[in-house]
Amino acid sequence: PLSIAMTTCSSLLSFAFIAMNGAIYIPIVTSESADSDARLAIDWLALTLSVAAVLLGIMVGATIAYYHIVKLIKAMGVVGIVATLIILIWAFVSTGSSDAPLSDAPTSVVIAIICMNAIALSVSFGLALCAKLSRNAATSVAIEASNQNAPLAIAILLLSLDAGYERDLALNVPVLYLFSNV
């Protein structure tokens, strides 16, 4: 239930956070590159449909879990793992051969992402402990509040932004975020 609630909240908040992260990181990256006029253009309809698809998946998953259909739970788990792996492989390949490859990411962006990840893990774990959750629950909160959202961000960015330099720049953020979790 905790994981489902957190995924639902992060999906709903993704509108704000995608726009915020784009507003923060795209200017930083482009100020250090040749294409200093890059702007983040978000397809809000595609983003809305992406979030709606995630929420529909959450509702279907919650219904299956509520009725405890074991075979379906196992099948959905496998489908989820396969889908996540496909998204990650696609993102790694895409960002490696894109107009804005990961290897060209400015040091300031890499440091910002590592700091953001460390802060997200630390603050969410600390707040969960302050809320008197067990250490296991606090660890779940910390993981859900940071690591688990990168594949979702990648999927939403791929569906919401037009192919090109700006999307490639935006994709670098969750991919670097995944690397910093290792």
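Residues numbered from 1 in each chain as written. Predicted model: local features only at pLDDT ≥ 70, side-chain atom pairs only at ≥ 80, totals over all residues. Heavy atoms only, no water.

### What about unusual backbone geometry?
Here comes step 1: The backbone of His 68 shows a phi angle near 50°, a positive value even though the residue is not glycine.
Here comes step 2: Residue placement: His 68 occurs in the loop between helix H2 (44-67) and helix H3 (70-96).
Here comes step 3: Judged by relative accessible area, His 68 falls into the exposed class, the value being 55%.
Here comes step 4: Located in the positive-phi region is Lys 132, a residue other than glycine, with phi close to 65°.
Here comes step 5: Position of Lys 132 relative to the elements: it lies in the loop between helix H4 (107-130) and helix H5 (135-145). (Helix = DSSP H or I, 4+ residues; strand = E, 2+ residues; numbered from the N terminus. Buried < 20%, exposed > 50% of the residue type's maximum accessible area, 1.4 Å probe, protein only.)

### Remarks on a nonpolar patch on the surface
Here comes step 1: On the surface, Leu 56, Met 59, Val 60, Tyr 66, Tyr 67, Ile 69, Leu 72 and Met 76 cluster together to form a nonpolar patch covering roughly 850 Å² of accessible area.
Here comes step 2: For the nonpolar patch, the elements supplying multiple residues, two or more each, are H2 and H3.
Here comes step 3: When residues in the nonpolar patch are grouped by element, the largest group, 5 residues, is from H2.
Here comes step 4: Relative to the helices and strands, Tyr 67 is located in helix H2.
Here comes step 5: Since its relative accessible area comes to 57%, Tyr 67 is described here as exposed. (Patch = residues over 30% accessible without salt bridge, like charges linked within 9 Å, V, L, I, M, F, W, Y side chains within 5 Å. Areas by Shrake-Rupley, 256 points an atom, 1.4 Å probe, with all protein chains shown as cover. Salt bridge = Lys/Arg side-chain N within 4 Å of Asp/Glu carboxyl O.)

### Let's talk about the nonpolar core
Here comes step 1: Judged by nonpolar contacts, the single largest core of 26 residues is most densely connected at Ile 113, Ile 154, Ile 156, Leu 157 and Leu 176.
Here comes step 2: For this core, the secondary structure elements donating two or more residues are H2, H3, H4, helix H6 (149-160) and helix H7 (165-181).
Here comes step 3: Once residues lying within four places of it in the same chain are set aside, the contact partners of Ile 154 are Ile 87, Leu 88, Ala 91, Leu 171, Pro 174, Val 175 and Leu 178. (Core = buried A, V, L, I, M, F, W, Y, C linked by side-chain atoms within 4.5 Å. Contact = heavy atoms within 4.5 Å.)

### Examining the packing of aromatic side chains
Here comes step 1: This structure, assessed with the given rule, holds 1 aromatic pair.
Here comes step 2: Where Tyr 66 meets Tyr 67, the ring centres are 5.0 Å apart and the plane angle is 85°; that geometry is what we call edge-to-face.
Here comes step 3: Taking relative accessible area as the criterion, Tyr 66 reaches 67% and is therefore assigned exposed. (Phe/Tyr/Trp six-rings, centres within 6.5 Å; stacked < 30°, edge-to-face > 60°.)

In short, shape yes, function no, at least from these values alone.
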